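# Coordinate analysis (summary)
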Amino acid sequence: MALNTKTQKRIILSLSVIAAIAAGIGSAVYSIRTWKNSSQDNIGNWQTIGKDKDVNNADLLSIAQISVYATYPLTKKEVIYLNTSTDSDGNVIDPKSDYVISGKKFDARYWSITAYDQDGFLIKNPVEKYSYNFEDVKYEKDSTSYKINLSAVKKDSNWLPTAGAQKIGLVIRLYQPSDELRNNLNKESLPIIQKVK
Amino acid sequence: MSTTKNITRKGIYGVAVVLLAVVFYYLTIWVTPYYVQNKIASQRSPDVNTLRFAKRPSPENNRVVPLPNPDFLYSSINYDIKDSVLKITGKVPDSTYWSIAAYQSNTTNFFVANDSQADGNFEYYLAEEGSTSALLKDIPKEKIIYSPTASGLILFRYLISKAYPFNTLVDLQHSVKAEKLAE
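As annotated in an unreviewed UniProt entry, chain A carries the name DUF1214 domain-containing protein and comes from Flavobacterium aquicola.

Okay, here's the thing in structure tokens:
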């Protein structure tokens, strides 16, 4: 039985409304998942909140992304967060490859480098080691620089295990950084991540 | 004439459909943080205005809030201060990092104080922004935290450090009390 014109129009209108709602929600979810927003700055391969922005006054999209992927951060007054999922050549970190993270002590009250899996959680490993900080990283002879071995295979020193993860994300936390560090955070002051195997 | 009318009508429908998509785009982005806060609050502890003491984060015990810091002991309070004031007291470690932070119902941080701003003990009164509660009358301003929303989360961070015995840190973590004050 053929539908009359009025009914056809109503069906088309209803479908258009449903499609518009689905498109709106779908594109919002996609935008949140991309983890790209106008509040972030790149410093080499590391990302951090922009100079004139903060986690509590960023744009709506940034606040939504932070709430999903980095819930309950502190403002820049207290902590500077930097994150990356790529090495210093810009390639995505492969959990099955070996990397060396080379850096120097940060002038902050507390700093750490933590590895996370694809969901942003700690990576289960036999040595129960998930991060290195100012106290437990083994420094080089100069007592200032360090090399952290990001690898699925056991290393003798500063081993940050990655086995079992599908993707790797690294986060640097700088609690109460000095003004000098805060004002001069640049590529040279951040660790280099080099693939070695 | 009728054809022009039809084209105009279809154009208005088209614009309305695009506008509807844009409205739902922003609505979804706006509501997401509130949804996250509610989801986390209900998964971690259904009780409000009570302390939740977490163990040191590990892959097994921390699968709710992303990016846990394995160097911290966390405690939290899901608060609801509609028509009330929440008194929060406790001890502060003297030689390792400690902070109390408050997050409104869309998870954004609106208050933080650390160990350098406290002298051994802390005492805060959490009230809704604009509260005229008589309970706050004699409380020094620096002890009052005004929340932009009636509900949210208080989060304590204790840095696990070689300079501080772990068991003492756990004792300090458990020294915190939250008390809902009634007029």
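## Quick look at the overall build of chain A
Per the secondary structure count, chain A includes three helices and ten strands. When the helices and strands of chain A are placed in sequence order, the string is α-β-β-α-β-β-β-β-β-β-β-α-β. Since a compact globule built from 197 residues should have a radius of gyration of about 16 Å, the 22 Å found for chain A marks it as more spread out than a globular shape. Principal axes of the C-alpha set define a box for chain A whose edges measure 85 × 40 × 25 Å. Buried residues in chain A amount to 48% of all 197 residues. Nonlocal contacts in chain A, meaning residues at least 24 apart in sequence, comprise 67% of its contacts between residues at least 6 apart. Here chain A displays about 10400 Å² of accessible surface, and carbon together with sulfur accounts for 52% of that area.

## So, the packing of aromatic side chains
A full pass over the atoms with the stated rule returns 17 aromatic pairs over all chains. When the ring of Trp30 of chain B is compared with that of Tyr34 of chain B, the centres are 5.0 Å apart and the planes differ by 45°; the resulting orientation is tilted. Placement of both Trp30 of chain B and Tyr34 of chain B in helix α1 (residues 2-44) is noted, with a separation of four residues, approximately one turn of the helix. An aromatic cluster is defined as three or more aromatic residues linked by ring pairs; in this entry it consists of Tyr110, Phe134 and Tyr175 of chain A together with Phe72, Tyr74 and Tyr97 of chain B.

## Considerations on the UniProt feature "domain: DUF1254" (unreviewed entry) in chain B
Per the UniProt record, "domain: DUF1254" (unreviewed entry) is found at residues 48-174 of chain B. Between the first and last C-alpha atoms of residues 48-174 of chain B the distance is 17 Å; the span itself is 6% helix and 42% strand.

## Some details on the packing of helix α1 (residues 5-34) of chain A against α1 of chain B
Where α1 of chain A meets α1 of chain B, the axes come as close as 7 Å, and the angle between the chain directions of the two elements is 35°. When the axes of α1 of chain A and α1 of chain B are compared, the crossing they make is right-handed. On α1 of chain B, the residues touching Leu13, Ser16, Val17, Ala20, Ile21, Gly24, Ile25, Ser27, Ala28, Ser31 and Ile32 of chain A of α1 of chain A are Tyr13, Val17, Leu20, Ala21, Phe24, Tyr25, Thr28, Ile29 and Thr32 of chain B. Looking at the contact of α1 of chain A with α1 of chain B, its residues break down into 14 nonpolar, six polar and no charged.

What counts, and where the lines are drawn
For every chain, the first residue of its written sequence is number 1, and the numbers climb from 1 along that sequence. By the order in which they are written, chains take letters starting at A while ligands take numbers starting at 1. Note on the predicted model: pLDDT of at least 70 is required for a residue's local features to be given, and 80 or more for side-chain atom pairs to be given and counted; whole-chain, interface and lining totals, by contrast, use all residues. Derived side-chain values reflect all non-hydrogen atoms in the structure, with water molecules and hydrogen atoms excluded from consideration. In this text, helices come from DSSP runs of H or I with a minimum length of four residues, and strands from runs of E with a minimum of two, each type numbered from the N-terminal end. Based on C-alpha atoms, the radius of gyration is set beside the globule rule, defined as 2.2 Å times the residue count to the power 0.38. Classification of residues uses two cut-offs on accessible area relative to the type maximum, computed with a 1.4 Å probe and protein chains only: under 20% is buried, over 50% is exposed, and between them is partly exposed. Here, residues are in contact when the closest pair of their heavy atoms is within 4.5 Å. In this description, accessible areas are obtained by the Shrake-Rupley approach with a 1.4 Å probe, and a residue is regarded as covered only by the protein chains that are shown. Pairing of aromatic rings covers Phe, Tyr and Trp, the last through its six-membered ring, and needs centres within 6.5 Å; plane angles under 30 degrees mean stacked, over 60 mean edge-to-face, and all others mean tilted. UniProt positions are given in the numbering used here, feature names are shortened, and annotations may be inferred rather than shown by experiment. An axis is simply a line fitted to the C-alpha atoms; with a helix, the fit covers only the stretch in contact. Between two such axes, the angle follows the N-to-C directions and lies from 0 to 180 degrees. By the definition used in this description, the sense in which the near helix is turned from the far one sets the handedness, with an anticlockwise turn below a right angle giving left-handed and a clockwise turn giving right-handed. For this classification, Asp, Glu, Lys and Arg are treated as charged, while Ala, Val, Leu, Ile, Met, Phe, Trp, Tyr, Cys and Pro are nonpolar and the rest, including Gly, are polar.

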